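Understanding the architecture of this molecule
For reference, the chains in residue letters:
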Amino acid sequence: MGSQPSAAVENPSGRISFSNRLSIIAVAAGSAIGLGNIWKFPYIAGVNGGAAFIVVYLACICIIGLPVLTSEFIIGRRGQKNVIGSYVRLAGKSSPWLTGGFISLFCSATILSFYGVVAGWSLEYIVKALTNSFAGKTPAEVGGLFGSFVSSPLKPIIWQLVFMGITAAVICAGVKKGIERFSTVMMPLLLAIIVLLCIRSVTLPGAENGIAFLFKPDFSKLSAAGMLDALGHAFFTLSLGAGTMITYGSYFNKKEGLAATAVQVSVADTVIAILAGVAIFPAVFSFGLEPGAGPGLVFVTLPNVFAQMPGGYFFCILFFVLIAVAALTSSVSMLEVGVAYVTEDLGIDRVKATLLLTFLISFVGIFCSLSFGRLKELTFFSKNVFDLADFLVSNIGMPLAGMLSVLFVAWGLGRTNVEDEMSSGGSVPIGYLSAFMIVTKYLAPLGIAIVFLHSLGII
Ligand code: TRP
């Protein structure tokens, strides 16, 4: 990372670090808050009956999300290197724990390949919103608009490449001038937009039905599969199992408390997911539309909602800008995992590493995009390329890597190292430490194992 100013170095290892506490939160929350919060969370909550799902989801964040997030921070900050380098430094060069690092690296690149596709759709939708393309259309027509866009051969790919280009530009600019500066500007913007959208949504007539849907649990609507969805989503939404939080953790300065940071990031992520629900469901109910529309909720149901609401033109633009901004601060974090590895361990400079990885990831992404159209028929194990990439990482790679990271922290690093790193050399309340050790040793791995086996259809 030759382009970094040495004056900014604050860690004893000489590694560059983020400037202060606020930027750490902005950057880590920027990674966590993404399409998972604004696109996926509302629709899986919608499909699974709303409030009851949210209760289970919150439990998953606490029992699994938090310990894994804290563990990843610990590995990164103690290792002071990229995802592979950190494992090497802490576990040894030929340790089997390195598997966790390599799976994470693979996951970060693979996620970005299909994440860029959906994020690209949001850019097209900003343009569609600006040109008022949804006005006067029936729900079926808006659905058709979406279908013909995602299946067309060129347009979604162009937007995907534009999105990847912006991501690459931020990464090229470096850890502080790129990632940190970008996130500290974008996150307040994101918050402002989402609050505006919430105000609009809850002031619509009949909004209370949407609020009840979100906050009044009806457990009869929640299936076992829904509960496992909640667990899987807790993983995705906190950017776990892909080396992101390990890499970012390596840029935290030594004096930050890792447990507190993990709690704050999880709270910020959850608040934004719930605000996304508040921005979406009252409006959906107000216009008598279906909350359980699935993946099309954001790209089909919402444009219909906006087309009918007073001020809808303006709020529709804001909504898709919100999605694009949220997606960008996340995609940046995914690309940094690979770039940090390639620059540090393979000795290639940052700009070249970024271009190389962006090229490779976008290339795979093109196939993901085409699997909604031209390559629909190209399937492996009856999954198209997009679904296969998603399945490989969300159902296999990330749970495995996440599991390895907690197990490594609990059993590999052990209590003394954990205490030292968590407390930044000071002390952590003893009860907290003991609880953390028990959760990371047994509870979190067990929970992850259950989702893992379920998602493979074994249980
Ligand atoms: N957490 C982000 C979201 O909710 C996506 C994300 C960023 C991610 N980095 C990741 C997901 C690493 C899994 C792994 O959209």
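Everything discussed here concerns the structure shown above.
Throughout what follows, the structure given in this document is the object of discussion. This is a predicted model, so every value here is computed, not measured. (Residues numbered from 1 in each chain as written. Predicted model: local features only at pLDDT ≥ 70, side-chain atom pairs only at ≥ 80, totals over all residues. Heavy atoms only, no water.)

A few words now on the overall build of the protein chain. Regarding its fold elements, the protein chain presents 17 helices and 2 strands. At 21 Å, the protein chain has a C-alpha radius of gyration in line with the 23 Å of a compact globule built from 459 residues. Across its three principal directions, the C-alpha atoms of the protein chain cover 60 × 45 × 45 Å. In the protein chain, buried positions account for 58% of the 459 residues. (Helix = DSSP H or I, 4+ residues; strand = E, 2+ residues; numbered from the N terminus. Rg over C-alpha atoms; globule rule 2.2 N^0.38 Å. Buried < 20%, exposed > 50% of the residue type's maximum accessible area, 1.4 Å probe, protein only.)

Phe53, Ile111, Val298, Phe299, Phe319 and Phe320 are the most contacted members of the largest nonpolar core, which has 154 residues in total. Top contributing element to this core by residue count: helix α14 (residues 312-345), with 21 residues. Here Val298 is in contact with Ile38, Trp39, Ile280, Pro303, Phe319, Phe320 and Ile323, once residues within four sequence places are set aside. (Core = buried A, V, L, I, M, F, W, Y, C linked by side-chain atoms within 4.5 Å. Contact = heavy atoms within 4.5 Å.)

Axis separation between helix α2 (residues 35-47) and helix α10 (residues 224-237) bottoms out at 11 Å; the angle between their running directions is 175 degrees. With respect to each other, α2 and α10 are oriented roughly antiparallel. Residues Gly36, Asn37, Lys40, Phe41 and Ile44 of α2 form the contact with α10, whose participating residues are Asp229, His233, Phe236 and Thr237. Its residues assigned to classes, the contact of α2 with α10 shows 3 nonpolar, 4 polar and 2 charged. (Axes fitted to C-alpha atoms, helices over the stretch in contact; angles between N-to-C directions. Parallel < 35°, antiparallel > 145°, perpendicular 65-115°, else oblique. Nonpolar A, V, L, I, M, F, W, Y, C, P; charged D, E, K, R; others polar.)

On to the side chain of Ser108, then. Along the chain, Ser108 falls in helix α5 (residues 98-130). In this structure Ser108 comes out as buried when scored by relative accessible area, which is 2%. Here Leu105 takes part through its backbone oxygen, which lies 2.9 Å from a polar atom of the side chain of Ser108. When sequence neighbours within four positions are dropped, the list of residues in contact with Ser108 reads Ala242, Met334 and Val337. (Polar contact = N/O pair within 3.5 Å; in protein donor to acceptor, adjacent residues only side chain to side chain.)

Moving on: the environment of Leu214. Among the secondary structure elements, Leu214 is positioned in helix α9 (residues 207-215). A relative accessible area of 2% places Leu214 in the buried class. If we ignore the near neighbours within four places in the chain, the residues touching Leu214 are Ala51, Ile54, Gly277, Val278 and Phe281.

Look at Ser239: it is not a glycine, yet its phi comes out positive at around 60 degrees. Note on placement: Ser239 falls in the loop between α10 and α11 (244-249). What makes Ser239 buried here is its relative accessible area of 12%. Not every positive phi belongs to a glycine, and Phe381 is a case in point at roughly 50 degrees. For Phe381, the location among the structural elements is in the loop between β1 (379-380) and β2 (383-384).

On to the packing of aromatic side chains, then. The full count for this structure, using the stated rule, is 30 aromatic pairs. Seen in terms of ring centroids, Phe18 and Tyr248 are 5.9 Å apart; in terms of plane orientation they differ by 90 degrees. Their pairing is edge-to-face. You can see Phe18 sitting in the segment before α1 (21-32) and its partner Tyr248 sitting in helix α11, a full 230 residues away along the chain. You can call Tyr248 buried: its relative accessible area is 1%. Here Tyr125 and Phe320 contribute two aromatic rings whose centre-to-centre distance is 5.2 Å and whose plane-to-plane angle is 50 degrees, an arrangement assigned as tilted. One end of the pair, Tyr125, is in helix α5; the other, Phe320, is in helix α14, and 195 residues separate them in sequence. For Phe320, a relative accessible area of 0% corresponds to the buried category. Through pairs of rings, three or more aromatic residues link up here, namely Phe114, Trp121, Tyr125, Phe134, Phe146, Phe149, Phe299, Phe306, Phe319, Phe320, Phe372 and Phe386. (Phe/Tyr/Trp six-rings, centres within 6.5 Å; stacked < 30°, edge-to-face > 60°.)

Remember, this is a structural readout, not a statement about activity or role.
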